[in-house]
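Observations on the model geometry
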Amino acid sequence: DISLYRGAYQINSVYLKKIDKKDTIDFIDVKLIDLAIEWKPIFNGEIVGKVLIDSSTILFTKEKNDIKDIAKDTADFRKTLNSFMPITLNKLEVKNSFIRYKDPYSSPRLDMKISQLNVVALNLANGYDSSKLLPATVTASANVYQGKLKFNMKLDPFADKPRFDMDARLEGTNMVLLNDFLRAYANIDVNHRRQRTPRYVV
């Protein structure tokens, strides 16, 4: 779909699959991608774009790959993203999304999910008036097994070496539901212990 009045177009029902020598593996499934020109930076002489990704699922699958294959896959994926947005990306927003991680080789086998992921990344191309040391910002929140993840980061996307200030908080997560992950990678088992209700004698 095309929205001429705001310089945007939408791609509906997008999916990317990784084609391996033996298998085809799901990677990204997106309900809607909205790509548009961001109007505010135009007044500063910058032509940059913004992308909204709505209702997506990103699946990371642990595989037994050669390092050369990984480098080739990464280059091909970047080329695919660049073909979607031919101008510099300044704002990225992700709404109502999921991240899944699968490891078919672990014991027990893992299939984990982070739900209700919402991310807003601003000033990735320095499209705003910016004299700050860390001009770009990334904020995110997600549900993690009955708990809440909150993430905030300031960064300089143009620095030769990574330069950022980040804080993250995970609260209320039911650790028992993470037992498969803990057993597979840390050989740890978490048990639930009921909190006893205090009794008072008068």
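Quick summary incoming for the structure in this document. Residue numbers here run from 1 along each chain, matching the order of that chain's written sequence. The predicted nature of this model means local features are confined to residues of pLDDT at least 70 and side-chain atom pairs, given and counted, to a pLDDT of 80 or more, with totals for whole chains, interfaces and linings taken over all residues. Where side-chain values are given, they derive from all heavy atoms of the structure, hydrogens and water being excluded.

Here we take up the overall build of the protein chain. Helix and strand assignments follow DSSP, with helices taken as H or I runs no shorter than four residues and strands as E runs no shorter than two, numbered in order from the N terminus. Helices and strands together make up the secondary structure of the protein chain, namely two helices and nine strands. In the protein chain, the succession of α and β elements from N to C terminus is β-β-β-β-α-β-β-β-β-β-α. In this scheme, a residue with accessible area under 20% of its type's maximum is buried, one over 50% is exposed, and one in between is partly exposed, where area comes from a 1.4 Å probe on protein chains only. For the protein chain, with 202 residues in total, the buried portion stands at 25%. Here a residue-residue contact requires only that any non-hydrogen atoms of the pair lie within 4.5 Å. When contacts within the protein chain are restricted to residue pairs at least 6 apart in sequence, long-range pairs at least 24 apart make up 54% of them. Working definition of accessibility: Shrake-Rupley area with a 1.4 Å probe, residue cover restricted to the visible protein chains. With an accessible surface of roughly 14800 Å², the protein chain has 54% of that area assigned to carbon and sulfur atoms.

This paragraph deals with the pattern of salt bridges. The salt bridge definition used is simple: a Lys or Arg side-chain nitrogen within 4 Å of an Asp or Glu carboxyl oxygen. Inspection of the entire model under this criterion finds eight salt bridges. For K62, the salt bridge is made with D103, and the minimal N-O distance between the two is 4.0 Å. Highlighted residues: K62 in the loop between β4 (49–61) and α1 (67–84) and D103 in strand β5 (residues 89–103), separated in sequence by 41 residues. With a closest N to O distance of 3.7 Å, E171 and R169 form a salt bridge. What makes R169 exposed here is its relative accessible area of 54%. A network of salt bridges, in which partner residues are shared, links D180, R183 and D189.

So, on to the environment of A142. Tracing the chain through its elements places A142 in strand β7 (residues 136–144). Taking the relative accessible area as the measure of exposure, A142 reaches 1% and is therefore buried. Counting along the chain gives 28 residues from A142 to L170, while the straight-line C-alpha distance between them is 9.4 Å. Look past the residues within four positions of A142 in its chain and what remains in contact with it is I114, S115, Q116, L117, G147, K148 and L149.

Inspection of the secondary structure assignment puts T173 in the loop between β9 (164–171) and α2 (179–186). Assessed through its relative accessible area of 15%, T173 is described here as buried. Excluding residues within four positions of it along the chain, T173 makes contact with V144, Y145, Q146, G147 and L178.

With that out of the way, let us pick up the pairing of strand β3 (residues 24–37). Any two strands with at least two DSSP-identified bridges between them are counted as paired. Looking at chain direction, strand β2 (residues 8–19) and β3 are connected through 11 bridges and run antiparallel. When the sheet's bridge partners are listed, L16 is paired in β3 with I28. The pairing of β3 with β4 spans nine bridges and is antiparallel. If you follow L32 over to β4, its bridge partner there is D54.

The values reported here are purely geometric and, on their own, carry no functional implication.
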